[in-house]
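Understanding the architecture of this molecule
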Amino acid sequence: MKQEDSPGTGRGNDTRRRPRRHDPARRTRLLDATLDVLVSDGAAGLTHRKVAARADVPLGSVTYHFASLAELQAAAFARYVALRTEEFAAAFAEVPDRAGLLDVLVAQVREVTERRRSAVLGFELHLAALRDPGLRSLTEEWTAASRAVLARFTGPATANRVDALLEGLILRALLATAPEPEEDTRAALSALLDPPA
């Protein structure tokens, strides 16, 4: 005859629950892990499994927080845009004049190797947005924020041109086998900021 479990000791009568692991930062960690995978493997290489491994969480945790891979990617890119927008604005916060503006713009291009992760994510977002119209609101939001920062120093029309040139210079710096001379970068940006009369 089967002996009954005594109260509180057997599985049948044990009312204690396994404590749930409290991890309020897990969603953010998953987004940061997603950004890491986007840098290393691109949007085409993004999988739930890679994100889970990078974040060091169970695979089910990724699908618990994000219903689909598209939702995960969009949320990660949204986090990137928010962080990059804040970083870009901070870089110009202490600019005293037009000469200081030029210095910061040149630094944005010259320091691209130090900010490679961020630069790669920016271009991954643009590439993904070409294929997924749902992501274009993020690129538009980011562009508008960047241009608003620049417009404080240049006015809207010049800000638009400087922003476009800056993106091109950053892409070229990212792909170059040798850095472009600083004077060339400075001259290209200066020509837009202070065009000849």
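Before reading further, recall that the structure is shown in the block above.
Just so we're clear, the structure is a prediction, and the values are computed from it rather than from any experiment. (Residues numbered from 1 in each chain as written. Predicted model: local features only at pLDDT ≥ 70, side-chain atom pairs only at ≥ 80, totals over all residues. Heavy atoms only, no water.)

1. Observations regarding the overall build of the protein
The line we're drawing: A run of DSSP states H or I qualifies as a helix once it reaches four residues; a run of E qualifies as a strand once it reaches two. Both are numbered from the N-terminal end. Three labels apply to residues, based on accessible area from a 1.4 Å probe with only protein chains included: buried if under 20% of the type maximum, exposed if over 50%, partly exposed otherwise in between. Throughout, a contact is declared for two residues whenever any of their heavy atoms are within 4.5 Å. Residue burial considers only the protein chains on display, and all accessible areas are found by Shrake-Rupley using a 1.4 Å probe.
Of the regular secondary structure elements, the protein holds nine helices and zero strands. Overall, the protein shows an N-to-C arrangement of helices and strands of α-α-α-α-α-α-α-α-α. Residues classed as buried in the protein amount to 35% of the 197 residues present. A fraction of 63% describes how many contacts in the protein between residues 6 or more apart in sequence connect residues 24 or more apart. Of the roughly 12,100 Å² that the protein leaves accessible, carbon and sulfur atoms contribute 54%.

2. A word on the pattern of salt bridges
How we decide: Think of a salt bridge as a Lys or Arg side-chain nitrogen and an Asp or Glu carboxyl oxygen that are within 4 Å of each other.
Tallied over the full model, the rule gives nine salt bridges. With its nearest N and O atoms 2.4 Å apart, the salt bridge here joins R84 to E87. Taken together, the residues R84 and E87, both in helix α4 (residues 69-91) and three residues apart, mark about one turn of the helix. Given the relative accessible area of 7%, R84 is considered buried.

3. So, the packing of aromatic side chains
Selection criterion: In summary, the pairing rule links any two rings of Phe, Tyr or Trp, Trp by its six-membered ring, whose centres are within 6.5 Å, and it sorts them by plane angle into stacked for under 30 degrees, edge-to-face for over 60 and tilted for everything else.
Summed over the entire model, instances satisfying the criterion amount to three aromatic pairs. Ring centres of Y80 and W142 lie 5.4 Å apart, and the angle between their planes is 85°; this geometry places the pair in the edge-to-face category. Of this pair, Y80 sits in helix α4 while W142 sits in helix α7 (residues 136-154), and the two are 62 residues apart along the sequence. Given the relative accessible area of 5%, Y80 is considered buried. In this structure W142 comes out as buried when scored by relative accessible area, which is 11%. Their ring planes at 45° and their centres at 6.4 Å tell us that F92 and F153 sit as a pair that is tilted. Of the two residues, F92 is situated in the loop between α4 and α5 (98-110) and F153 in helix α7; the sequence distance between them amounts to 61 residues. Judged on exposure class, the residue F92 and its partner F153 are both buried. Of the aromatic side chains, those joined through ring pairs into one cluster are F88, F92 and F153.

4. Quick word on α7
Heads up, the rule is: Residue count minus one, scaled by 1.5 Å, sets the expected span of a helix.
When the terminal C-alpha atoms of α7 are compared, their 26 Å separation across 19 residues agrees well with the 27 Å that a helix rising 1.5 Å per residue should span. Buried residues of α7: L138, T139, W142, S146, V149, L150, F153 and T154, and no others. Each element contacted by the buried residues of α7 is listed here: α4, α5, α6 (116-131), α8 (156-175) and α9 (182-193). Positive phi shows up at G155, right after α7, with a value of about 90°.

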